[in-house]
Amino acid sequence: GSLLFRATKVGKDTALSQIVRLVKEAQGSKAPIARLADTISGIFTPVVLCIAIATFVLWYILAPVDVRFTMALTNFVAVLIIACPCALGLATPTAILVGTGKGAENGILVKGGAALERAQALTTVVLDKTGTVTEGKPSLTDVVAFGNLSESELLGIVASAERGSEHPLAEAIVGGAQERGIALSDAQDFTALSGRGIEATVAGRKLLLGNARLMTERKVSVSDTIREQMDALAGAGKTPMLVAVDGTLAGIVAVADRVKPEARESVAALKAQGLNVVLLTGDNKRTAEAVAKQVGIDTVMADVLPEGKLAEIARLQGAGQVVGMVGDGINDAPALAKADVGIAIGTGTDVAIEASDITLLRGDLKGVAAAIALSRATLRTVKQNLFWAFIYNAIGIPVAAGLLYPFTGWLLSPILASVAMSLSSVSVVTNSLRLRGFRASATNS
């Protein structure tokens, strides 16, 4: 047969090209720890020049007259060559280069060396619920009608109104109505009430659909019996929503979103890294606690409005926590930007991905622990590189200056000094290349 397709983006605008660009930018960026190498080099260079000059002067004074200039010049040059701070300069960028490249290979897109460095210092990871811990594809599970409306009539009104919403819960309700063969009508005056629900007019009837907070605001009476029903649904991990028609409570609809298969294992991996894991959601407390229990999360922040997510991140930071936020939705973007490290699920919205520091291209929650493990491995490698580069110079400079000559009669020639200097750079690069053996399944610090 034949295939007809339309290219919506080409060349540099494609997702692949943007990923390549971001990886290149990350590999060329400078991590904050690189300032340490810059500071050391800034002090190291003039100190070495002074040592080299002192070496020349001492050898010129102390060496036999017939060879004093030759020996002084040879040792002067040997000190300058062996002290060349190439290894210090390579210590950070080589590790960042390999680390970000290895991350991209494993579906972890890090947007710069600074993000890679911050991730290793995290103490708390906050997980959004819908689309992050759960699959983000809820389905309709319960319809409970009160008063004169039947369940089919109630669902028809609710689904007709929800056709105007882009929310995953709305899609679940509309899909459930269509599966039951219920005919839908057009809604008027549709308004999405952030963090509360919706209001609309369907067939001349005023509809409110949302949480208990919305009903309280609109002075719709909710009895204790109905609250108990909602608690029972929430305790089963479902999200119950109250329905009011013409100012009177008319029923409850509930949807459930399945937990991602890898969520429990991923949370356990984060805990094994010594991290505090928090579940953050706009859902009611009972539903959130039921989901948290399934995946092994102990701390829950529920009933949080979209604008409240940023405040919760700020509160944790104010308590001295270094916070990583993991989310996928538009309403997660401010919190992702506020967090010390924002981690976006790659299957989420473009806004969330743009606001994040790290993007998990595969949408797998295991990538969070893997990203932190990669960050820790990279920073460990940087510190090893800086340590060995410094120790090498601390040992090599005195030898090149002739410290061993009075005891062994041995001097380091400039040729051997150049070989030793090159080997120090090679050792730093080789140590950085060990990161190529990093496995995405690694979760230990």
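Residues numbered from 1 in each chain as written. Predicted model: local features only at pLDDT ≥ 70, side-chain atom pairs only at ≥ 80, totals over all residues. Heavy atoms only, no water.

K.L.:
Can you help me understand helix H4 (residues 86–105) in this one?
P.N.:
Spacing of three or four residues puts side chains on the same side of an α-helix, whose turn is 3.6 residues. The end-to-end C-alpha distance of H4, which contains 20 residues, comes to 28 Å, matching closely the 28 Å that a straight helix rising 1.5 Å per residue would cover. Thr92 marks the point of greatest bend in H4, at about 25 degrees, and the proline Pro93 comes within the next four residues. The set of residues buried in H4 consists of Ala87, Leu88, Ala91, Thr92, Thr94, Ala95, Ile96, Val98, Gly99, Thr100, Lys102 and Gly103. Following H4 by one or two positions, Gly107 adopts a phi angle in the positive range, close to 80 degrees. (Helix = DSSP H or I, 4+ residues; strand = E, 2+ residues; numbered from the N terminus. Expected span 1.5 Å × (residues − 1). Bend = angle between axes of the 7 residues up to and from the residue. Buried < 20%, exposed > 50% of the residue type's maximum accessible area, 1.4 Å probe, protein only.)

K.L.:
Help me understand the sheet that holds strand S7 (residues 238–245) in this model?
P.N.:
In a beta sheet, neighbouring strands pair by backbone hydrogen bonds and run either parallel or antiparallel. Ordered by their spatial adjacency, six strands build an open sheet running S3-S8-S7-S6-S5-S4, and the pairing between neighbours is antiparallel. Because the sheet does not close on itself, it has two edges, and the strands there are strand S3 (139–145) and strand S4 (187–193). Neighbour to neighbour, the strand axes of the sheet diverge by 20 degrees on average, direction disregarded. Here S3 runs beside strand S8 (residues 248–256); their pairing, made up of six bridges, is antiparallel. Looking at the pairing, Ser139 lines up with Ala256 of S8. Most of the contacts of helix H7 (residues 151–162) go to S3, to which it runs at about 130 degrees, and overall it touches S3, S4, strand S5 (197–202), strand S6 (205–210), S7 and S8. (Pairing = 2+ DSSP bridges. Axes fitted to C-alpha atoms, helices over the stretch in contact; angles between N-to-C directions. Contact = heavy atoms within 4.5 Å.)

K.L.:
Help me understand the pairing of strand S2 (residues 124–128) in this model?
P.N.:
As a general feature of sheets, a regular strand has side chains that alternate between the two faces. With five of five residues buried, S2 is to be regarded as a mostly interior element. Alternating positions in S2 separate into two faces, Thr124, Val126 and Asp128 on one and Val125 and Leu127 on the other, with burial throughout. As defined by bridge partners, S2 adjoins strand S9 (residues 276–280) across five bridges and the pair is classed as parallel. Among the inter-strand pairings, Leu127 is bridged to a residue of S9, identified as Leu279. Where S2 and strand S11 (residues 323–327) come together, four bridges link them in parallel fashion. Bridged to Val126 within S11 is Met325.

K.L.:
Where do I start with helix H10 (residues 224–235) in this structure?
P.N.:
With 12 residues, H10 extends 16 Å from end C-alpha to end C-alpha; this agrees with the ideal 16 Å at 1.5 Å per step. All buried positions along H10 are accounted for by Ile226, Met230, Leu233 and Ala234. Take H10 and look down its axis: the buried residues cluster within an arc of 100 degrees, on one side only. Residues Asp224, Thr225, Glu228 and Ala232 are exposed on H10 and point more than 90 degrees away from its buried face. Those residues of H10 that are buried are in contact with S3, S7, S8 and helix H12 (285–295). Downstream of H10 by one or two residues, Gly237 has phi in the positive range, about 85 degrees. (Arc of directions from axis to C-beta.)

K.L.:
Mind showing me how you'd approach the confidence of the model for the protein here?
P.N.:
Any residue range with low pLDDT should be treated as having predicted coordinates unsuitable for detailed reading. Per-residue confidence for the protein gives a mean pLDDT of 84; residues scoring 70 or more make up 91%. Ranking the helices and strands of the protein by mean pLDDT puts S9 first, with 94, and helix H1 (residues 15–28) last, with 61. (pLDDT = per-residue confidence, 0-100.)

K.L.:
What am I meant to see in the sheet that holds S11 here?
P.N.:
The seven strands are arranged S1-S13-S12-S11-S2-S9-S10 in an open sheet whose pairing can be described as mixed. At either margin of the open sheet sits one strand with a lone partner, and together these are strand S1 (108–110) and strand S10 (299–301). Going across the sheet, the axis of each strand differs from the next one's by a mean of 20 degrees, ignoring polarity. Two strands pair when backbone bridges link them, and S1 and strand S13 (residues 358–360) are joined in this way by three bridges, in the antiparallel orientation.

K.L.:
What exactly am I supposed to notice about the packing of helix H11 (residues 263–272) against H12 here?
P.N.:
Packed helices, taken two at a time, are described by the angle their axes make and the gap between the axes. Where H11 meets H12, the closest approach of the two axes is 8 Å, and the angle between their N-to-C directions is 75 degrees. In terms of their interaxial angle, H11 and H12 are classed as roughly perpendicular. Contacts between H11 and H12 involve Ala263, Arg264 and Val267 from the first element and Lys293, Gln294 and Val295 from the second. Here the contact of H11 with H12 is built from residues that sort into three nonpolar, one polar and two charged. (Parallel < 35°, antiparallel > 145°, perpendicular 65-115°, else oblique. Nonpolar A, V, L, I, M, F, W, Y, C, P; charged D, E, K, R; others polar.)

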